[in-house]
Amino acid sequence: MKHLMFLVLSVVLLLLGCGISPEFSHNVEGKVKPWTNENFPDLSVEDGEFSFAVIPDRTGTPRKGVFRTAMAKINMLQPDFAVSVGDLIQGVPVDAKNSDSVDAQWQELRLMTESLKMPFFYCVGNHDLCRNTAKSPNRYMISKRAWEKNFGEQSYYSFVYRNALFIVLNSRENADKSYTLDPFSVKQQQWAVETLKKYPDVRWTFVFMHHPEFDHDSFNAIEKELRKRNYTVFAGHTHRYIRYTRFNRNYYVVSTCGGCVPYEGKKCIPEHRGPEYGEMDHVVWVTLTKSGPVVANILLDGIIADDVVTQDKNKVSGLERLDRK
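Residues numbered from 1 in each chain as written. Predicted model: local features only at pLDDT ≥ 70, side-chain atom pairs only at ≥ 80, totals over all residues. Heavy atoms only, no water.

K.L.:
An account of unusual backbone geometry is needed here, citing residue identities and associated values.
P.N.:
If you check the backbone angles, His239 has positive phi at about 60° while not being a glycine. The class for His239 is buried, based on a relative accessible area of 6%. (Buried < 20%, exposed > 50% of the residue type's maximum accessible area, 1.4 Å probe, protein only.)

K.L.:
Which residues make up the packing of aromatic side chains, and what values go with them?
P.N.:
Note on aromatic pairs: each is described by the distance of the centres and the angle between the planes. In the structure shown here, the tally under the stated rule is 38 aromatic pairs. For the ring pair Phe24 and Phe159, a centre distance of 5.9 Å and an interplane angle of 55° mean the geometry is tilted. Placement of Phe24 in strand β1 (residues 24-26) and of Phe159 in strand β5 (residues 157-161) is noted, with a sequence separation of 135 residues between them. Summarising the burial analysis for this pair, Phe24 and Phe159 share the class buried. Between Arg58 and the ring centre of Phe67, over which it is positioned, the NZ or CZ distance is 5.7 Å. (Phe/Tyr/Trp six-rings, centres within 6.5 Å; stacked < 30°, edge-to-face > 60°. Helix = DSSP H or I, 4+ residues; strand = E, 2+ residues; numbered from the N terminus. Lys NZ or Arg CZ within 6 Å of the ring centre and 35° of its normal.)

K.L.:
Describe the sheet that holds strand β14 (residues 292-299), listing the residues and the values that go with them.
P.N.:
The five strands lie next to each other as β4-β3-β2-β13-β14, forming an open sheet whose pairing is mixed. Single-partner strands in this sheet number two, and they are β4 (120-121) and β14. Bridge count between strand β2 (residues 50-55) and strand β3 (residues 81-84): four bridges; the pairing is parallel. Residue Ala53 lies in a different strand from β3, and its bridge partner there is Ala82. (Pairing = 2+ DSSP bridges.)

K.L.:
Account for a nonpolar patch on the surface, naming residues and giving values.
P.N.:
Taken together, the side chains of Ile304, Val308 and Val309 make up a nonpolar region of the molecular surface, amounting to roughly 290 Å² of accessible area. Following the sequence through the fold, Val308 ends up in the segment after β14. (Patch = residues over 30% accessible without salt bridge, like charges linked within 9 Å, V, L, I, M, F, W, Y side chains within 5 Å. Areas by Shrake-Rupley, 256 points an atom, 1.4 Å probe, with all protein chains shown as cover. Salt bridge = Lys/Arg side-chain N within 4 Å of Asp/Glu carboxyl O.)

K.L.:
Describe the sheet that holds strand β7 (residues 204-208), listing the residues and the values that go with them.
P.N.:
Reading across the sheet, the seven strands line up as β1-β5-β6-β7-β8-β10-β9 and stay open at both edges, with mixed pairing between neighbours. Edge strands, defined here as strands with exactly one partner in the open sheet, are β1 and β9 (242-246). Within the sheet, the average angular offset between the axes of one strand and its neighbour, ignoring direction, is 20°. Sheet topology note: the β7/strand β8 (residues 231-235) ladder contains four bridges and is parallel. Note that in β8 the partner of Thr205 across the bridge is Tyr231. Across the sheet, helix α5 (residues 186-198) is in contact with β5, β6 (164-168) and β7; its angle to β6 comes to roughly 175°. Sheet contacts for helix α6 (residues 217-226): β7, β8, β9 and β10 (249-253); angle to β10, the most-contacted strand, approximately 145°. (Axes fitted to C-alpha atoms, helices over the stretch in contact; angles between N-to-C directions. Contact = heavy atoms within 4.5 Å.)

K.L.:
Before we move on, could you go through the packing of helix α2 (residues 66-77) against helix α3 (residues 100-113) and cite the residues and values that matter?
P.N.:
α3 packs onto α2 with a crossing angle of 25° between their chain directions and a minimal axis gap of 9 Å. Taken together, the axes of α2 and α3 are roughly parallel relative to one another. Contacts between α2 and α3 pair Phe67, Arg68 and Met71 from the former with Leu109, Met112 and Thr113 from the latter. Split into classes, the residues belonging to the contact of α2 with α3 amount to four nonpolar, one polar and one charged. (Parallel < 35°, antiparallel > 145°, perpendicular 65-115°, else oblique. Nonpolar A, V, L, I, M, F, W, Y, C, P; charged D, E, K, R; others polar.)

Right, dumping it as structure tokens:
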């Protein structure tokens, strides 16, 4: 018995010594990964609860400074990690001949995401992988090469954290051809189903995609396997928040994190009308408890640093000075 305990302890120490946590695993090959770092909290703590942030759309003419401010505020909140639903850069201009402009956009974006003290997991959106047009038949390949340069060849992937499965899908996989084709290829569908079958006993499954293609046949093939377990789905794209209930599970479409204010029909709304319209700059805060996830929306305007008022910045006269060095 002592020999067995010594062997188990040795394996754990070996994994930790190699920088591999028994609480975090993934299916991504190669040195380049679609996330920023692996600076998770102390995974040796025996606590089943953890929290992560879901980051909404930034693009469609991003509003200056909002996303950068969001990264600073997420650092205040200290989730275990953050996951995007895509559309992080504006994308390849229609008249682009090479990747220069999109490379610069990714460089700017990564300066912001890599300012986070915790991992940030990337997801593909239609601005990140641009569709081809008659005037720009090479936009998809330009954007695809830029993605692979920054995040590796896998545009959809999975990881397991504290016995919860996270699946990040690519709903722009057929952008080199047409919007009318299936957003998820047969290959991606098969991969997703196989991944689900590989992890039948995780305590919860979270799925992320950019487009809310919940009723598309190519997603329903994945959803059929999902329905055998507890799961939650997050998407973006519409820039308007709404929660759906499908098969007694929650499906969320998130709003914006600096992305353009949505349209009402063909008329542009000049500014967000508020949460009751699903229009807001926010992050979604998810805490996985022993009984399942608890989901809350945190408005960026509601996250305020602890130095919002100090004695040096105080606007109220007559307060006793209590600062001491």
